[in-house]
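Descriptive structure summary
So you can see what is in the structure, the chains are spelled out below.
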Amino acid sequence: MTGKTLYDKVWDSHVVKQYDDGSALLYIDRHLVQEVSSPQAFDGLVEAGRPMRRPDKHIAVADHAVPTRLRHLPMPDGLASRQVSRLMRNVEKFGVPYIDMNDRRHGIVHVIGPELGFTLPGVTLVCGDSHTSTHGAFGAIAFGIGASECETVFATQALRQRKQKRMRVWLDGSLGVGVSVKDIILALIAKIGTGGGFGYAIEYAGSAVAELSMEARMTLCNMTIEAGSRVGMVAVDGTTMDYVKGRPLAPAGELWERAVAEWRDLRSDDDAEFDREIRLDVSQIAPHVSWGTTPEETVPVTGQVPDPAAEPDPARRARLQKSIDYMGLAPNTPLRDIAIDRVFIGSCTNGRIEDLRKAASVVEGRRVAAGVSGIVVPGSASVRIQAEAEGLDRIFKDAGFEWRDSGCSMCVAMNDDRLAEGERCASTSNRNFEGRQGKGGRTHLMSPEMAAAAAVMGRLADVRQLKG
Amino acid sequence: MQKFTILTSVAAPLRETHLDTDVIFPARFLLLPDKKGLGEQLFNERRTNRTGEGPRFVLDTPPFDKAQILVTGNAFGTGSSREQAVWALADFGIRCVIAASFGEIFFANCVKNGVLAIVLDEAAHEAVMKESESGRPLTIDLAAAQIRFEDGTTLAFDIDPHRKRTLLEGLDEIGLILTDDGDEIAAFEARQRAEKPWLYLSDEQVAVLRQP
Ligand code: SF4
C-alpha cells in the first residue's frame, strides 16, 4: 500500500460519511466568521428556524469594513457601520464568541486565528473568505466558502465536499538577499497561472519551506488561492509546534503532549503519491512585481511590461491589451520606470510582524518620496502592539508613513482607505484585480521590502539596489 | 431553492477571460444588506452606458439584456469567495453560466442558488460562443445534460450526479444533511472528542475568549 499525503491524512480523519458518488461529508472543526459573508448565513438560519449546532466552534470578528483610524469614536452611520452592528446582533443572538474592533485581540480573521491558537495543526477550518487557505500553513485543511456554505456549517458543522487531486510544490535552495516568500508565491503563480491549481490541494515541501517561519508559510499558503487552488498546506514540524505552544486556545499541559504526539504524523509519507509535482529553485527567484490585473501578470522587477504585439494567440493578446489599458501603461516599459502615488503595507498576506520588520528595515533612515503617500496597517492589534514595542511605528512615521489600526483596509477598499481613480499603488496585498483597491485604482503586488523600496524611490524599485 | 430543469433563452456572449468576482461584483457593494436588487451592480464598472447611444456592455445590449444564459471564457469567477457574484447574476436573471473554466468557490456557490455552471472543452465552448453571438436561443436540458441549438445541433456536458440532482429537484442541502446524516455527525463528534479532546475548547478557554 502506498503512503498517504498530508492532505489525505487530515481529510480521512474528518470524514463523517462517505457518499456513493465519491463525495464525503466532512466535519468542520473551526469556522471564522466575518461581517461581509455572514449576514445572509445568519438570516438563513433564522428563516428556516434552525439553531446553530455548536456556537463554540466559531469566532466572529469585523475586519473588512472597519475603519483603521479614529477607532475610539463611533463609526459614522452608513452601510459599513450597519454591517458591523448587524454582525454584533447576530453573534449576540446565537452566542458566537465575538472580538470587538477595539479589543487587543482584534485583527484580520487570517491573522488572529493563528495568533489565538484557534488554528491548530490537523484541523479542518473554513471561513466565508477565499484566503482561508492561509491556515494550511499549520498542516490544516483550510478553505474558503460562500455564504450558503457558512450557513451549512452553522447548522450542521459539516460540509459535503469532493476530495481534491494532490499537487506538491517543491521549493529548494535558499532565497537571495532582498527576496522573500512573497516573491516565491508570485513567481509560482506567474508560472502555473491563476488556473494552475484548479482541482488541486497544494502541499509546499522542500528545504526552503522547512526554513520558513510560520509567518512566511502563512504568506505562501495565503496566496495559493491566487494560483486557483482553495487549499495550500505545509507539513507540521518543530517550527509549527513552537508557534502554537502557549497560545490562549491551544491545548496545554497533558493535553499538549497528547496533541503533539498526534501532530508529529502530520506530514506526507515518504512513499505518498501526488497527481502533479512542480519544482522551483528559489535561489533563482528575483523580487517580483505584478504589472497587470490578474496575479499571474507578474514579472521580475528587472523586467518590463509585455508587448501584446509579440503575443501570437489572439485571445491572450486581447487579454494583455486590456490589462495594459486598465493599468495605464505602455508596452515594453521597464518596471522600474513606473512611478507610483500610494503605498499600502498590510493585509492577511503581509500584515504580520515579520513583514513590518522587513519593510521597516528598508525604510529606516529614509523618507517616503515626495508626492507619495503610504499607510502601514498591521494585520492585528497584537501585531501593532508588538511593532510599537519594537519602535517600528516610529520608523514608519519618521519616514512619512501613516500608522494605522488593524483591518483589511486598502486590500479591499471597503472602508475609507481606497485609491482614487487612476491612482497607482505599490501594495503588499494579494489581488491586483480591476477596482480591487478602489474604483479605477491600479495595483502592483509585491513584498513588504519591495513596497518599502517603492515608497522611498517614488517608483517601482528593486530593493536589492537600495540595500547596499 | 429554485429548480433547474430546462431553460431556453438567448445567451449573452462575453468573450473575455479571467473575469474575477471583483469585476463581477465590485467590493464596495458588499456592504449592501440584501440579496435582492444586486443585479443592478452586476459588472458595475463595465456598464458605464446602460441605456444611451453608442457601445454598451453585452448585458445592456438587446436582446442580451434579457439573457438567462451567460457564455464566457476561462477562469470565470476566480478570486474572492463573495457569493454576491452569484446572487447578482441570479438577480439579473442569469440561470446558467457556460465557461471554459471556473474559480472553484464561485462554482460551488452557483449550485446553492439554483444556477447551473457548465464547463466545456475548447471546441464545444467555441461552438456555443459562436451560436450565442448569432443571437439565436440555446436550450439547456439538465436532465439530458445537453445544450441544444435551434438547428438541432446537440452538445453534451458533464455534471456531477449530486450537483445535477440538487439542481433538478431544488434540494435544500442543509435540511438533507440534518435529516439524513444528523446521527452520524453526532457520533463523529463523540468519537473525535474522546480521541482528540484538544479540538474542543474548554469552558475556561471559551470564557477567556468571551472576555473583552
Ligand atoms: S486582508 Fe484582503 S484578502 Fe485578506 S481577508 Fe481582508 S480583504 Fe480578504
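Provided above is the structure to which this section pertains.
Our subject in this report is the structure included herewith. Given the structure is predicted, the values throughout are model-derived calculations rather than measurements.

**Some details on the overall build of chain B**
- Each helix and strand counted, chain B has 7 helices and 8 strands in total.
- Expressed as lengths along the three principal axes of its C-alpha atoms, the size of chain B is roughly 65 × 40 × 25 Å.
- Scored against the burial criterion, the 212 residues of chain B give a buried share of 58%.
- Here the analysis covers contacts within chain B between residues at least 6 apart in sequence; of these, 66% occur between residues at least 24 apart.
- About 8800 Å² of surface is accessible on chain B, with carbon and sulfur atoms providing 52% of the total.

**Let's talk about the sheet that holds strand β3 (residues 30-34) of chain A**
Residue and element names in this part refer to chain A.
- The strand order β5-β4-β3-β6-β7 describes an open sheet built from 5 strands, whose pairing is parallel. The open sheet has two free edges, formed respectively by β5 (98-99) and β7 (141-144), since each of these has just one partner strand.
- Relative to β5, strand β4 (residues 58-61) runs parallel, the two sharing 2 bridges. Each bridged residue has a counterpart across the sheet, and for Ala 60 the counterpart in β5 is Tyr 98.

**Considering the sheet that holds strand β4 (residues 96-99) of chain B**
Residues and elements named next belong to chain B.
- If you walk across this open sheet you meet the 4 strands as β2-β3-β4-β5, and the pairing is parallel. Two strands lie at the open edges of the sheet, namely β2 (11-14) and β5 (116-119), each paired on one side alone. Between one strand axis and the next, the sheet turns by 15° as a mean value, whatever way the strands run.
- Most of the contacts of helix α4 (residues 122-133) go to strand β3 (residues 69-72), to which it runs at about 125°, and overall it touches β2, β3 and β4.

**Re unusual backbone geometry**
- Here Pro62(B) and Pro63(B) are connected by a cis peptide whose omega angle stands at 5°.
- Along the chain, Pro63(B) falls in the loop between α1 (21-24) and β3.
- Even without a glycine there, the phi angle at Leu70(A) is positive, about 50°.
- One can find Leu70(A) in the loop between β4 and α3 (79-94).
- If you check the backbone angles, Asn332(A) has positive phi at about 70° while not being a glycine.
- Position of Asn332(A) among the secondary structure elements: in the loop between α11 (314-327) and β15 (342-345).
- Judged by its relative accessible area of 36%, Asn332(A) is partly exposed.

**Remarks on the site of the ligand**
Residues and elements named next belong to chain A.
- All residues in the neighbourhood of the ligand are listed as His 64, Ile 108, His 110, Asp 129, His 131, Ser 347, Cys 348, Cys 408, Cys 411, Val 412, Asn 430 and Arg 436.
- In this structure, the ligand is accommodated by the largest cavity.
- Across the shell around the ligand, the residue classes tally to 5 nonpolar, 5 polar and 2 charged.

**Let's talk about the pairing of strand β16 (residues 373-376) of chain A**
Residues and elements named next belong to chain A.
- Sheet topology places β15 next to β16; 4 bridges connect them, and they run parallel. Each bridged residue has a counterpart across the sheet, and for Val 343 the counterpart in β16 is Gly 374.
- The pairing of β16 with strand β17 (residues 402-403) spans 2 bridges and is parallel. Counterpart to Ile 375 in the pairing with β17 is Glu 402.

**Quick word on α3(A)**
All names here are of chain A.
- Taking 1.5 Å per residue as the helical rise, α3 with its 16 residues ought to reach 22 Å, and the 23 Å between its terminal C-alpha atoms agrees with that figure.
- By the burial criterion, the buried members of α3 are Ala 80, Ser 81, Gln 83, Val 84, Arg 86, Leu 87, Asn 90, Val 91 and Phe 94.
- Residues of α3 that are buried sit in contact with β3, α2 (39-48), β4 and β5.
- Backbone geometry just after α3 places Gly 95 at a positive phi near 70°.

**A short note on the environment of Tyr204(A)**
Residues and elements named next belong to chain A.
- Mapped onto the secondary structure, Tyr 204 falls in strand β10 (residues 200-205).
- Taking the C-alpha atoms as reference points, Tyr 204 and Leu 220, separated by 16 residues in sequence, lie 8.4 Å from one another.
- In contact with Tyr 204, other than residues within four places in its own chain, are Val 169, Leu 171, Ile 185, Leu 188, Val 209, Leu 220, Cys 221, Thr 224, Gly 232, Met 233 and Val 234.
- Within the structure, the side chain of Tyr 204 is placed 2.7 Å from the side chain of Thr 224, a separation counted as a polar contact.

**Quick notes on the environment of Val58(B)**
Residue and element names in this part refer to chain B.
- Here Val 58 shows up in the loop between α1 and β3.
- Since its relative accessible area comes to 14%, Val 58 is described here as buried.
- Between the C-alpha atom of Val 58 and that of Ala 156, which follows or precedes it by 98 residues, the distance is 26 Å.
- Setting aside residues up to four positions removed in sequence, Val 58 forms contacts with Ala 12, Pro 13, Leu 14, Phe 64 and Asp 65.

**Some details on the pairing of strand β1 (residues 6-9) of chain B**
All names here are of chain B.
- Of the two faces of β1, only the one carrying Leu 7 and Ser 9 is buried; Ile 6 and Thr 8 on the other face are not.
- As defined by bridge partners, β1 adjoins strand β6 (residues 138-141) across 4 bridges and the pair is classed as antiparallel. Across the sheet, Ile 6 pairs through a bridge with Asp 141, a residue of β6.

**So, the packing of helix α6 (residues 181-192) of chain A against helix α8 (residues 214-222) of chain A**
Residue and element names in this part refer to chain A.
- Close contact between α6 and α8 brings their axes to 9 Å; oriented N to C, the two are set at 20°. Comparing their axes, α8 and α6 come out roughly parallel. The two elements α6 and α8 meet at a crossing, and its hand is right-handed. For the pair α6 and α8, the contacting residues are Val 181, Lys 182, Ile 184 and Ile 185 in the first and Ala 216, Thr 219 and Leu 220 in the second.
- Each residue belonging to the contact of α6 with α8 can be placed in one class, and the counts come to 5 nonpolar, 1 polar and 1 charged.

**Structural notes on the pattern of salt bridges**
- One pass over the structure, following the stated rule, counts 55 salt bridges over all chains.
- Between Asp265(A) and Lys9(A) there is a salt bridge, with its nearest N and O atoms 3.2 Å apart. With a gap of 256 residues between them, Asp265(A) in the loop between α10 (253-263) and β12 (276-281) and Lys9(A) in helix α1 (residues 6-12) connect regions that are remote in the sequence.
- Between Arg53(A) and Glu189(B) there is a salt bridge; the shortest N-O distance is 2.7 Å. Taken together, the residues Arg53(A) in the loop between α2 and β4 and Glu189(B) in helix α6 (residues 173-195) connect one chain to another.
- Beyond isolated ion pairs, a larger network of salt bridges with shared partners links Lys4(A), Asp8(A), Asp12(A), Lys163(A), Arg166(A) and Asp275(A).

Cut-offs used in this document
Residues numbered from 1 in each chain as written. Chains lettered and ligands numbered in written order. Predicted model: local features only at pLDDT ≥ 70, side-chain atom pairs only at ≥ 80, totals over all residues. Heavy atoms only, no water. Helix = DSSP H or I, 4+ residues; strand = E, 2+ residues; numbered from the N terminus. Buried < 20%, exposed > 50% of the residue type's maximum accessible area, 1.4 Å probe, protein only. Contact = heavy atoms within 4.5 Å. Areas by Shrake-Rupley, 256 points an atom, 1.4 Å probe, with all protein chains shown as cover. Pairing = 2+ DSSP bridges. Axes fitted to C-alpha atoms, helices over the stretch in contact; angles between N-to-C directions. Near = heavy atom within 4 Å. 1 Å grid on protein atoms, 1.4 Å probe; cavity = no way out; pocket = protein on both sides within 12 Å on 5 of 7 lines; lining within 4 Å. Sits in = over half its atoms within 2 Å of the grid points. Nonpolar A, V, L, I, M, F, W, Y, C, P; charged D, E, K, R; others polar. Expected span 1.5 Å × (residues − 1). Polar contact = N/O pair within 3.5 Å; in protein donor to acceptor, adjacent residues only side chain to side chain. Parallel < 35°, antiparallel > 145°, perpendicular 65-115°, else oblique. Left-handed = near helix turned anticlockwise from the far one by under 90°. Salt bridge = Lys/Arg side-chain N within 4 Å of Asp/Glu carboxyl O.

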